[in-house]
Amino acid sequence: MYAFNYHAPKTVRQAATLLAKNEEGKVLAGGQTLLPTMKQRLASPSALIDLNHAEGMTGIEQKGRNIVIGAMTRHVEVATSAVVKNAIPGLAALAEGIGDAAVRNRGTIGGSIANNDPAADYPSAALALNATIITNKRKITADEFFQGMFATALEEGEIIVKVSFPIPSKAAYEKFPNPASRYALVGVFVAKKGSDVRVAVTGAGSNGVFRSKECEAALASRFNAKALDGVKVAASGLNADMHASADYRAHLIPVMAKRAVEKATAK
Amino acid sequence: MSAKTGVGAPVLRKEDFRFITGKGQYTDDINRQDQAYAYFLRSPHAHANIKKLDISAAQKAPGVLGVLTGDDLAADKIGGLICGWMIHNKDGSPMKAGAHPALAQGKVRYVGDHVAVVIADTYAQAKDAAEKIIVDYQVLPAVVDMNKAKSAGAIHDVAPDNVVYDWHLGDKAATDAAFSKAKHVTKIDLVNNRLIPNAMEPRAAIGDFDSGTGVYTLYTTSQNPHVARLVLSAFVGIAPEHKLRVIAPDVGGGFGSKIFIYAEETVCVWASKKVGRPVKWTADRTEAFLSDAHGRDHISHAELALDDKGKILGLRVKTKANLGAYLSTFSSCVPTYLYAPLLSGQYDIPAIYAEVEGIYTTTAPVDAYRGAGRPEATFLIERIIEKAARETGSDPAMFRRKNFIKSFPHQTPVIMAYDTGNYTASLDLALEMADYKNFAKRKKDSAKNGKLRGIGFSAYIEACGIAPSAAVGSLGAGVGLWESAEIRVNPVGTVEVLTGSHSHGQGHETTFAQLVADRLGIDIDSVAVVHGDTDKVQFGMGTYGSRSGAVGMSAIVKAVDKVIAKGKKVAAYALEAAEKDIQFKDGRFSVAGTDKSLAFGEVALQAYIAHKFNGQDLEPGLKEGAFYDPTNFTFPSGVHICEVEIDPDTGTTDIVKWTAVDDFGNVINPMIVEGQVHGGIAQGVGQALLEGAHYNADGQLVTASYMDYTMPRADDLPSFDVGMTNTPCTTNPLGIKGCGEAGAIAAPPAVINAITDAVGHEDVPMPATPYAVWQACQKGARKLAAE
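### Some points on the sheet that holds strand 21 (residues 527-530) of chain B
Residues and elements named next belong to chain B.
Okay, so step 1: Taken in spatial order, the 4 strands of this open sheet run 21-20-19-25, and their pairing is mixed. Edge positions in the sheet fall to strand 21 and strand 25 (623-628), since each of these pairs with one other strand and no more. The average angle at which neighbouring strand axes cross in this sheet is 15°, direction not considered.
Okay, so step 2: Bridging between strand 20 (residues 495-499) and strand 21 involves 4 bridges; their strand directions are parallel. Across the sheet, the residue bridging to glutamate 496 is alanine 528, located in strand 21.
Okay, so step 3: Of the strands in this sheet, strand 19 (483-489), strand 20 and strand 21 are in contact with helix 14 (residues 508-520), which crosses strand 21 at around 135°.
Okay, so step 4: The strands that helix 15 (residues 547-574) touches are strand 19, strand 20 and strand 25; relative to strand 25, the one it contacts most, it runs at about 145°.

### Some words on the sheet that holds strand 24 (residues 597-599) of chain B
Residue and element names in this part refer to chain B.
Okay, so step 1: Spatially, 3 strands are ordered 22-23-24 in an open sheet, and the strand pairing comes out antiparallel. Strands with a single pairing partner mark the edges of an open sheet, and in this sheet they are strand 22 (582-585) and strand 24. Direction aside, neighbouring strands of the sheet carry axes that sit 20° apart on average.
Okay, so step 2: One ladder, built from 3 bridges, connects strand 23 (residues 588-591) with strand 24; its direction is antiparallel. Pairing of arginine 588 across the sheet is with alanine 599, part of strand 24.

### Structural notes on helix 6 (residues 225-235) of chain B
All names here are of chain B.
Okay, so step 1: Counting buried positions over the 11 residues of helix 6 gives 9, a clear majority of the element.
Okay, so step 2: Elements that come into contact with the buried residues of helix 6 comprise strand 10 (215-220), strand 11 (244-247) and helix 7 (263-275).
Okay, so step 3: A positive phi of about 85° marks glycine 237, the residue just after helix 6.

### A word on the domain arrangement of chain B
All names here are of chain B.
Okay, so step 1: What the domain assignment lists for chain B is domain 1 (16-21 + 482-628) and domain 2 (404-410 + 419-462 + 632-787).
Okay, so step 2: A C-alpha centroid distance of 40 Å is found between domain 1 and domain 2.
Okay, so step 3: Contact with domain 1, which involves 16 residues of that partner, is made by 15 residues of domain 2.
Okay, so step 4: Approximately 1000 Å² of surface area, both sides summed, lies buried where domain 1 meets domain 2, with 62% of it carried by carbon and sulfur atoms.
Okay, so step 5: The tally of links from domain 1 across to domain 2 stands at 0 salt bridges.

### Considerations on the interface of chain B and chain A
Okay, so step 1: The partner chain A presents 21 residues to the 22 residues of chain B that form the contact.
Okay, so step 2: Across the chain B/chain A interface, buried area totals approximately 1800 Å², and carbon plus sulfur atoms make up 53% of it.
Okay, so step 3: Along the contact surface separating chain B from chain A lie 6 salt bridges.
Okay, so step 4: Note that aspartate 128 of chain B and arginine 41 of chain A form a salt bridge whose closest N and O atoms lie 2.6 Å from each other.
Okay, so step 5: Joining chain B to chain A, the criterion identifies 15 residue pairs in polar contact (both at pLDDT 80 or more).
Okay, so step 6: Contributions of two or more residues to the side of chain B that touches chain A are made by helix 4 (123-130) and helix 19 (770-786) of chain B.

### With respect to the nonpolar core
Okay, so step 1: Of all hydrophobic cores here, the largest spans 157 residues; its most connected members are Ile119, Ile238, Leu343, Trp658, Val751 and Ile755 of chain B.
Okay, so step 2: Counting residues per element, this core draws most heavily on helix 18 (residues 742-759) of chain B, at 11 residues.
Okay, so step 3: Counting contributing residues per domain, this core is built from domain 1 (16-21 + 482-628) and domain 2 (404-410 + 419-462 + 632-787) of chain B, each supplying no fewer than three.
Okay, so step 4: The next biggest cluster of nonpolar side chains, apart from the first, holds 52 residues, and it includes Val84, Ala125, Leu127 and Ala171 of chain A.

### Focus: the pattern of salt bridges
Residues and elements named next belong to chain B.
Okay, so step 1: Overall, the coordinates contain 69 salt bridges over all chains when judged by the stated rule.
Okay, so step 2: Of the charged contacts in the structure, one is a salt bridge between arginine 42 and glutamate 264, with a shortest N-O distance of 2.8 Å. Within this pair, whereas arginine 42 is found in strand 1 (residues 36-42), its partner glutamate 264 is found in helix 7, the two being separated by 222 residues in sequence. Comparing arginine 42 with glutamate 264 shows no difference in burial state: the two are buried.
Okay, so step 3: The salt bridge involving arginine 316 is made with glutamate 303; its shortest N-O contact spans 3.2 Å. One end of the pair, arginine 316, is in strand 14 (residues 312-324); the other, glutamate 303, is in strand 13 (residues 295-306), with 13 residues separating them in the sequence.
Okay, so step 4: Look at arginine 316 and you get partly exposed, because its relative accessible area is 25%.
Okay, so step 5: With relative accessibility at 13%, the residue glutamate 303 sits in the buried group.
Okay, so step 6: A cluster of three or more residues bridged by salt bridges with shared partners is formed by Arg42, Arg203, Glu264, Glu265, Glu287 and Asp292.

Analysis parameters
- Residues numbered from 1 in each chain as written.
- Chains lettered and ligands numbered in written order.
- Predicted model: local features only at pLDDT ≥ 70, side-chain atom pairs only at ≥ 80, totals over all residues.
- Heavy atoms only, no water.
- Pairing = 2+ DSSP bridges.
- Helix = DSSP H or I, 4+ residues; strand = E, 2+ residues; numbered from the N terminus.
- Axes fitted to C-alpha atoms, helices over the stretch in contact; angles between N-to-C directions.
- Contact = heavy atoms within 4.5 Å.
- Buried < 20%, exposed > 50% of the residue type's maximum accessible area, 1.4 Å probe, protein only.
- Domains from an automatic or database assignment.
- Buried area = accessible area lost by both parts, 1.4 Å probe.
- Salt bridge = Lys/Arg side-chain N within 4 Å of Asp/Glu carboxyl O.
- Polar contact = N/O pair within 3.5 Å; in protein donor to acceptor, adjacent residues only side chain to side chain.
- Core = buried A, V, L, I, M, F, W, Y, C linked by side-chain atoms within 4.5 Å.

Given below as structure tokens:
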């Protein structure tokens, strides 16, 4: 790790000001990606602007037909929240499956979404649930927010404050883990809200999280696992590495989608 | 002494209190006054000439005490690292071993190779300074694929075709003759995947030169500190043995990878004199991945000849073994004398011929890893046996039973003479424990749930208790492989056991104390085990190849028996009786036919106060040493049965049942032995399902972290059903065979035989990841559709 300056702003506004002042600065949320990267000397920010002391960035509440989660809310809090478990059990289950206990105790929803790791779990939930990402400047829909591997709509000095998830009628996440890292090799989040069915896939796409048109089309008329029988997903645009070919990932997408639908529709 | 702590009792480990309360003293826990830190600049290229190495800026960086390179080694006449086992080619010529400098001398040969070392006040300063070293590399082609290595360009000038040796064992003519009579020949091509050891404690070293006495002390993560001292003295030339002390304190796992003498400890101990400060280095995990000696990495083709009744007539094997960029300490013997002599397995095979090519590649050195050659042999023989059974329509258990060696001693056609064994007994017990007779029903039940169920056998043998010195000497070993022990009895009767074995997870402090307490009839808490320090223990060959029990404890028993013999002399004087009338039993020396007796401690006191005898007749004191050189290897064996259920939609393999029946001969502590079995199976399952080192075509190690290298985790494994049979070894005084590698040897073929059974064809690689098994399922489905 190289030396850096450390700031602990008390408010999001202060954080934004510090971020503007420190061109090579980085926002520190849970640090589960940033700190290991810095330790390996692969990142060398001039300053860390630590959001862990900023007010009003944590907590989970139901606001009307939405679940609103503060950006600095830890995975463990989402996993164990009675509000989330009641309204969107699939989201709580997703949080419970992120990393290990140590990661869940530190990692945050805002950090995960802002980083947009192509194998992270949360982006699939945000995209499938049609979440709104609320920043210190504006509101961004998930469809606009995720713009490719590690790329988001966030602008310079923009900080995620909250994420708002519309409560679906049915939703679930199914992850096929990379055997080594246990990140998603293919993770599929399915959600149904009214007649709207959204299927978001993480881990598989060479350009980050994406919606599977094939699965969504099959499920639109009938939100039932059997509706996915015979559905084929194209391998083009999918990742290929030593752990899985694009074909294997393509094969796993409907398999995981099917299992997610089974989970979502189980009584 | 009570039955609760004697030989055969599951005594809780004495060392665990300090380990689980954080009181262990590992190398990195040790800090010397004014200690400085070393950082090694490593090659980012698999193969390159160093055109220019400019250290001037680094030398001036803050906190830097020294920047040392291969030129400094040469100037100080520090020799290269050695390979201690000479292998000869088929034509009798010696193997081609390239030089192995501790810091590069003009060329780097794998990613992670040592270019220079920076020593500074802090580790961070050393690392910062290393970034200021300018290296002008002339990049050369990487040599990664063994099949293309011969024409890829020389890694070492001495081996233009990158072949270290072309070696063989067995009778080619007899084997060809056996094949000419065969009614059926089973052929198989196998890759034994490359593994990275990943001991929990990374390697570490502290070199500490005392300018007052001229003595170097090296603290290091070693499985064999005396061998390290011998090599560093006699070959590398750091200092003569009496001026070099090597301490291997608590060591957190080795699995073979800490047998070897590496560049880092060599440099730390040498540099401590150069910079005039103790020098510490502790590997980070990435360095461990890059530079610990890796294991396995064979490509083999094998053929098995059968007669019309399914009896084996002969076995032919051709193996390419990856030795990496340099020959590590024992690397050359692993794919030769630790491999081919095991190819007879548990079977009566009249003729065997094996050819092995050792190949240089631009990858990390490959050396012994848990089992070392024996897992590779067992994987080969157990895979081809299984395939042969399938091809001939035989039940795999019956096929094995038919071909088992049934009378002992048995001379195989590949050196080994098995003293004893009862393979049928292990198989029978394993079949019963595994409920083999109801497997077909379980397979049907799985099919109803859309799952593929398979069962796989592994009837393994290994050669432990390494090894008779004269025998290994005749095969090219540079050392003898005996073990030494010393029993120091204190005046009040407590005992220190000094052993040349080294414990790095094996629990010697418990088992050795159990043995000695039992033998001397004293309390186990009155016995302390001392190891791992060349100043305390006279000499030792260390711990690997399950030799601590069969060889190390045999030496201890020899020394204990000498103590008892001396005690009888002392007791005779003290009890005023004839020595021939003194008996020793349950911790007391007594005069036969009388009620006169003395406890062991009382005799010890008499030995030290020496009031009852004079020094001309008997020396005072009670301390005895012994060297034990085994007369044969030991041959643990067993049968493991693995049952898997595969999800064909994802390729995920779930091990649903594991039966292990092992014959380790006599057992000192069954709890520790069972722990060894568990750990071994976990490592073997790791090889079969999870672990695989992968270099890309440029020679970059893709699996250089846990993000890509899959270590076995608890939820990858089932509970193990462990059973034991016991046919005591006939060639050592304790009847011990050894248990350290069994699981790692037995497991891989059991898993792959189960998976190939489940998916219906033989082409399943290791590691059998979900992706690989899914591909196999696709092929299996095509095959079924074609039928």
